[in-house]
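Notes for the structure review
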Amino acid sequence: MDTNQYMEMFLEESREHLDSLDDGLMTLEKDPSDLSVLNEIFRNAHTLKGMSATMGYNKIAELTHDMENILDLLRNEKIAVSEEIVDTLLKCKDAIEQMVESIGDGGPEDVVDVSEEAAKLKALVSGGSAPAPAAPAAAAPAAAPAAEPEPVGMEYSDTDRDVIKQAQDSGLRAFHISVTLTESCILKSARSYMVMNALDQLGDVIKSVPPAEDLEQEKFDHSFDVVIITDAEPKTVEEAVNAISEIDKVVVTDVADELKKIDEAAKKAAPAPAPAPAPAAKAPAKVEPKKAPAKKAPSKAATTEKKLKSGQSVRVDIEKLDTLLNLVGELVINKVRLEQIGLTHRLTELTETLEQMDRVTTDLQTVVMKVRMVPVGQVFNRFPRMVRDITKELNKDINLTIEGEETELDRTVIDEIGDPLMHLLRNSLDHGIEMPDDREAKGKPRTGEVGLIARHEGNNVVIMVTDDGAGIDPEVIRRKAVEKGMISQDEADNMSDSDAVRLIFLPGFSTSEKVTDISGRGVGMDVVRSKIESLGGHVDVETKIDEGSIFKIKLPLTLAIIQALLVKVAKEMYAIPLGSIDSTINITQEDIKTVQNKEVIVLRGQIIPIIRLGNVLNVPREDGEEDDDIFVVVVHLGERKAGIVVDHLIGQQEIVIKTLGKLLAGLKVISGATVLGDGRVALILDVSALM
Amino acid sequence: MAKAEVAPIQGEVQVVAFKLRDEEYGFDILNVKEIKGLTDITRVPFALDYIKGVINLRGSVLPVIDLKKRLGLQNTEYTADTRIVIVKSDDIEVGMIVDAVTEVITLDAEHIDASKVVDNESNRFIRGIGKENDRLIIMLNLEEIIGLQDEAK
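In this numbering scheme, every chain counts its residues from 1 along its sequence in written order. As they are written, the chains are lettered A onward and the ligands numbered 1 onward, keeping that order. Only residues with pLDDT of at least 70 are given local features in this predicted model, and only at 80 or more are side-chain atom pairs given and counted; all residues enter the totals for whole chains, interfaces and linings. Only hydrogens and water are removed before side-chain values are computed, so all heavy atoms of the structure are retained for them.

**Digging into the overall build of chain B**
Helix and strand content of chain B: two helices and 11 strands. Helix and strand assignments follow DSSP, with helices taken as H or I runs no shorter than four residues and strands as E runs no shorter than two, numbered in order from the N terminus. Along the chain direction, N to C, the helices and strands of chain B fall in the order β-β-β-β-β-α-β-β-β-β-β-β-α. Buried, partly exposed and exposed residues are distinguished by accessible area as a fraction of the type maximum, computed with a 1.4 Å probe on protein chains only: under 20%, between the cut-offs, and over 50%, respectively. Expressed as a percentage of the 153 residues in chain B, the buried residues total 48%. Within chain B, contacts between residues at least 6 apart in sequence are counted, and of these 58% link residues at least 24 apart. On chain B, roughly 7900 Å² of surface is accessible, and the fraction owed to carbon and sulfur atoms is 47%. Note on contacts: a residue pair qualifies if any of its non-hydrogen atoms lie within 4.5 Å across the two residues. Only the protein chains shown count as cover for residues, and the accessible areas themselves come from Shrake-Rupley with a 1.4 Å probe.

Structure representation (structure tokens):
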């Protein structure tokens, strides 16, 4: 059979099942007595087996079959859950995952050698108990018999009747099609979709039992019923459906006849099952009208018509969402432009209308942003397994706590945040948490605690990786940094402890004394930092020796539209994201003092270094342009503050962030650009790079 | 990619011809997206010297290359004829500042001399020299000019 059209579906469903298999096995390991988990795992394995067999991937099918055997023994308590078994099953799952990915990349399925795993499984099975393992797999119809009762004959609400009547008046006919899929059919939803598609081409599908979204979610047993309005002959309809594979039976009935019978039956008040008309000669009991009238509420049937064409959810290509977001961005730019026109020309009517429009665009923006939001759990999900594996490898005892996995983040951030998080976690596991004996010696519990916590903080999402391990020794960091020539001894001596610890985020700094498999693969913390900063975020660390460390990642909720303060230096305009601004102050030249050759100002008793933006950015300046009156934008990065000296403050504005493109990628200090209301381009400053 | 030989020009090519100082240059018309009058260019600090800045092209931000600077030619003042030619190579779109756009002409491949006539540092930017009657049109190698592979780092 032509499997290409199912490929995507196969891949996605396989991934889902693999994920849940992973979860299940992890839970099982923690609580081996949990039989419900076992059932779930079994179902996953079974579905995987079925899907891969249908798609012709025999390797996966064989391996899952072996997995099933052992799972069945576990399920029936013939053998006990052991670490070895879970380990082996997890390895199998990994192997399958690799195979599925390879298939997804258009490669062959046998990219990994699974003979070892298979042998091990077999050994475990035969070592486990004598009863033949073959029997259960085939017999278990593990894809839980659908909860739906046997599909019933059609009911026709008044609305349906109206529609059908109208159709008949205009010379069309309505058919009731009852489709039964073969018992062995695995991708039932795909089949039903194909049937629907085929019917859609012949005419208008006006209803189905069960409704379309249930069909999509496989909430039906092996048969379903559809009513369509068409000008085609019943024969054509039947052939069209029969052309789809894995269809066991198709029965086409003329709805007019059915309706007549229903009415007659109602009149007689007796459930006399009239023999089916010609095409329905082999009609099974379920098309008989007698079951129809009572069972389902007509109100539901009335709405079915609408629901039919749009399911509850749609999968949308992320690119389309990006385009949508861009368009909303354009709209915002133009709105701002209009607002300026309104202000310049004092057009009250325009301003008022724009206020209305402002509400709409704000809502639109929120909705689009919401659509792009994905719970961070999607990334967190893969970590328990990783932590478990690493813990074993390192012979440590570590407990991972995950909090706030429901916190939502923009899809693009989710895609990018996985690697930095993984790196931080690995660091905590490898360098943070001590060996159990060492922990005991320090008077700490043998089990180390590692936490992965996400939560909202204002307009940001904060993700923290915490551990109660050894902490980072600022002295060690100082010494290392001096050794590597990154800072001078003087600088090191004058550096506060927390600043010293932050040195780990500098490029070329890796404290790992020995390179291990877990961390220290040359990917340093600087990579973590640059990745997070490229997402508009910020990473910081708090640590105490022997008490542990907290790595705190702060990410903006949205990447696309932010509030910013526009400032002017000479003739150039720059935007500073509002999120990093503390306050703005107006000072004179005399307020600037020098400390150790660095210019500072004193703000509410705090000494703040200042940065003259014009000098940093080499802004061309004409003589005499400098003013005595200067504006300072006080920005903060974590705990640190700095004052950015600019010539003028223009005002706060909503800006749409645009990238500068590949040609200008990787520029320091500039993180992007935006188009202003007047059509000019202003660059967005990367505050963290300035400090 | 950049180092691979540039595909030889075959058959007829349509060329957007433009002026830099007194010489005439050309881009393959298939690379040219549009031609735009001079607009506000925002300077980008820390960018390479031949990148003049960025412009707003209907809501998106586009880098602009000072083509004369890129080719090592002497600078001239902008005039009313100065144009920005928006070109696209692979998926990179950039603007090129030129002194004037002259016309779109069709050159026969036979009239394009692909051997490197001009021997200096900047000849890697040149694909060939087209002859049309008395005019010489220097065909430029867009990929090299955008130079993403080597210098942009």
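**As for a negative patch on the surface**
Note on patches: the residues involved have over 30% relative accessible area and no salt bridge, like charges join within 9 Å, and the nonpolar side chains Val, Leu, Ile, Met, Phe, Trp and Tyr join within 5 Å. When a carboxyl oxygen of Asp or Glu lies within 4 Å of a side-chain nitrogen of Lys or Arg, that pair is called a salt bridge. For the purpose of counting charges, residues Lys and Arg are taken to be positive, whereas Asp and Glu are taken to be negative. His and the chain ends are not included. All charge positions are set by atom: Lys at NZ, Arg at CZ, Asp at CG, Glu at CD. Together, Glu590(A), Asp591(A), Asp628(A) and Asp629(A) line one region of the surface with negative charge. The residue Asp628(A) is located in the loop between helix H24 (613-616) and strand S18 (629-637) in this model.

**Let's talk about helix H7 (residues 158-169) of chain A**
Residues and elements named next belong to chain A. When the terminal C-alpha atoms of H7 are compared, their 16 Å separation across 12 residues agrees well with the 16 Å that a helix rising 1.5 Å per residue should span. Taken as a whole, H7 has its buried residues at Asp160, Ile164 and Ala167. Along H7, the residues classed as buried sweep out an arc of 60° about the axis, all on the same side. For H7, the exposed residues set more than 90 degrees away from the buried face come down to Asp158, Gln166 and Asp169. Directly after H7, the chain includes Gly171, whose backbone phi takes a positive value near 85°. An expected span of 1.5 Å times one less than the residue number is assigned to each helix. The directions considered for the arc run from the helix axis to the C-beta atoms.

**As for helix H4 (residues 83-104) of chain A**
Its 22 residues place the ends of H4(A) 31 Å apart at the C-alpha level, agreeing with the 32 Å of an ideal helix rising 1.5 Å per residue. Looking at the residues trailing H4(A), positive phi occurs at Gly106(A), about 85°.

**Structural notes on the packing of helix H2 (residues 35-55) of chain A against helix H3 (residues 58-75) of chain A**
All names here are of chain A. All axes are obtained by fitting lines to C-alpha atoms, using only the stretch in contact for helices, and the reported angles, taken between N-to-C directions, cover 0 to 180 degrees. Packing of H2 against H3 brings their axes to within 9 Å, and their N-to-C directions diverge by 160°. Taken as axis vectors, H2 and H3 run roughly antiparallel relative to one another. For the element pair H2 and H3, the recorded crossing hand is left-handed. From H2, Leu35, Leu38, Asn39, Ile41, Phe42, Ala45, His46, Leu48, Lys49, Ser52 and Ala53 reach across to H3, where they touch Ile60, Ala61, Thr64, His65, Glu68, Leu71, Asp72, Leu74 and Arg75. Its residues assigned to classes, the contact of H2 with H3 comprises 11 nonpolar, five polar and four charged. Orientation labels follow simple angle bins: below 35 degrees gives roughly parallel, above 145 gives roughly antiparallel, 65 to 115 gives roughly perpendicular, and whatever is left gives oblique. Note: crossing handedness is left-handed where the near helix turns anticlockwise from the far helix by less than a right angle, and right-handed where it turns clockwise. Here the term charged refers only to Asp, Glu, Lys and Arg, the term nonpolar to Ala, Val, Leu, Ile, Met, Phe, Trp, Tyr, Cys and Pro, and the term polar to all other amino acids, Gly among them.

**Concerning the interface of chain B and chain A**
At the interface, 23 residues of chain B touch 25 residues of chain A. Counting the surface lost from both chain B and chain A, the interface buries some 1900 Å², and carbon and sulfur atoms represent 68% of this. Buried area: the accessible area, evaluated with a 1.4 Å probe, that two parts lose upon being put together, summed over both parts. It is Arg43(B), Phe46(B) and Val61(B) in chain B that bury the most area against chain A; as a group they hold 33% of the surface buried on that side. Connecting chain B to chain A are one salt bridge. In this structure, the salt-bridge partner of Glu572(A) is Arg43(B), at a minimum N-O distance of 2.6 Å. A 3.5 Å cut-off defines polar contacts: any pair of N or O atoms within that distance qualifies, except that in protein one atom must be a possible hydrogen donor and the other a possible acceptor, and neighbouring residues in sequence count only when both atoms are side-chain atoms. At the surface where chain B touches chain A, the tally comes to four residue pairs in polar contact (both at pLDDT 80 or more).

**Topic: empty space enclosed by the protein**
All names here are of chain A. Cavities and pockets were defined on a 1 Å grid built over protein atoms only: a cavity is a set of grid points that admits a 1.4 Å probe from which the probe cannot escape, a pocket is an open set flanked by protein on both sides within 12 Å along at least five of seven lines, and lining residues are those with an atom within 4 Å of any such point. Grid points are joined across faces, edges and corners, and a volume is the space filled by probe spheres set on the points. Counted by the stated rule, this structure contains four cavities of 30 Å³ or more. By volume, the second largest cavity is sized at about 50 Å³. If you go around the second largest cavity, the residues you meet are Val332, Ile333, Val336, Gln653, Glu654, Ile655, Val656, Thr674, Val675, Leu676 and Gly677. Elements that contribute at least two residues to the lining of the second largest cavity include exactly helix H14 (318-344), strand S20 (648-656) and strand S21 (670-675). Looking at the lining of the second largest cavity element by element, the count peaks at four residues for S20.

**Points about the pattern of salt bridges**
Think of it this way: side chains of opposite charge can pair up when their charged atoms draw near. Residue and element names in this part refer to chain A. Under the defined criterion, the tally for this structure stands at 42 salt bridges over all chains. The closest approach of N and O atoms between Glu233 and Arg173, which form a salt bridge, is 3.8 Å. Taken as a pair, Glu233 in the loop between strand S3 (223-230) and helix H10 (234-242) and Arg173 in strand S1 (residues 173-181) lie far apart in primary sequence, 60 residues in all. On the accessibility criterion, Glu233 (47% relative accessible area) is partly exposed. One salt bridge connects Arg446 with Glu440, and the closest N-O pair in it is separated by 2.8 Å. Here Glu440 falls in the partly exposed class, since its relative accessible area comes to 46%. Among the charged side chains, a network of salt bridges with common partners joins Asp22, Glu29, Glu83, Asp87, Lys93, Asp94, Glu97, Arg385, Arg388, Asp389 and Lys392.

**Focus: the confidence of the model for chain B**
The score called pLDDT rates the predictor's confidence residue by residue, from a low of 0 to a high of 100. Residues at a pLDDT of 70 or more form 84% of chain B, whose mean pLDDT is 83. For residues 1-5 of chain B, every residue scores under 50 in pLDDT, and the model assigns this stretch six contacts once sequence neighbours within four places are set aside.

**Quick notes on the sheet that holds strand S5 (residues 60-66) of chain B**
Residue and element names in this part refer to chain B. For two strands to count as paired, DSSP must find a minimum of two bridges between them. If you trace the five strands from one edge of the open sheet to the other, you get S3-S6-S7-S5-S4, paired in mixed fashion. Both outer strands of the open sheet, strand S3 (32-37) and strand S4 (51-57), are each paired with one neighbouring strand and no more. Each strand axis lies, on average, 30° off the axis of its neighbour in the sheet, ignoring direction. Pairing analysis gives six bridges linking S4 to S5, with the strands arranged antiparallel. Across the sheet, the residue bridging to Leu57 is Ser60, located in S5.

**A look at the packing of aromatic side chains**
Pairing of aromatic rings covers Phe, Tyr and Trp, the last counted by its six-membered ring, and requires centre-to-centre distances within 6.5 Å; plane angles under 30 degrees mean stacked, over 60 mean edge-to-face, and any other angle means tilted. Here the structure, examined in full by the defined rule, presents three aromatic pairs over all chains. A centroid spacing of 6.3 Å and a plane angle of 90° characterise the contact between Phe505(A) and Phe551(A), whose relative ring orientation is edge-to-face. Remark: Phe551(A) occurs in strand S11 (residues 548-556) and Phe505(A) occurs in the loop between helix H22 (497-502) and helix H23 (525-534); sequence separation between them is 46 residues. Residue Phe551(A) is classed as buried on the basis of its relative accessible area, which comes to 5%. Centroid distance Phe18(B) to Tyr25(B): 6.4 Å. Interplanar angle 15°. Geometry classified as stacked. Looking at Tyr25(B), the relative accessible area reads 6%, which means it is buried.

**Description of the side chain of Ser178(A)**
Locating Ser178(A) in the fold gives a position in strand S1. A distance of 3.4 Å separates a polar atom in the side chain of Ser178(A) from a polar atom in the side chain of Asp225(A).

**Some thoughts on the packing of H14(A) against helix H15 (residues 348-371) of chain A**
Residue and element names in this part refer to chain A. Between H14 and H15, the least distance of the axes is 10 Å, while the angle of their chain directions is 160°. Classed by the angle they form, the pair H14 and H15 counts as roughly antiparallel. Our pair here, H14 against H15, has a crossing hand that is left-handed. Contact with H14, carried on its side by Leu321, Leu324, Leu325, Val328, Leu331, Val332, Lys335, Leu338, Glu339, Ile341 and Gly342, involves Leu350, Thr351, Leu354, Met357, Asp358, Thr361, Leu364, Gln365, Val368, Met369 and Val371 of H15 and no other residues of that element. Considered class by class, the residues forming the contact of H14 with H15 number 15 nonpolar, four polar and three charged.

**Topic: the pairing of strand S22 (residues 681-685) of chain A**
Along a regular strand, successive side chains alternate from one face of the sheet to the other. Residue and element names in this part refer to chain A. Burial within S22 is extensive, with five of its five residues counted as buried. Burial along S22 is two-sided: Val681, Leu683 and Leu685 facing one way and Ala682 and Ile684 facing the other are all buried. When strand S13 (residues 572-577) meets S22, the two strands line up parallel, connected through two bridges. What sits directly across from Tyr574, in S22, is Leu683. The turn linking S21 back onto S22 is made up of five residues, and Gly679 within it adopts a positive phi angle of 90°.

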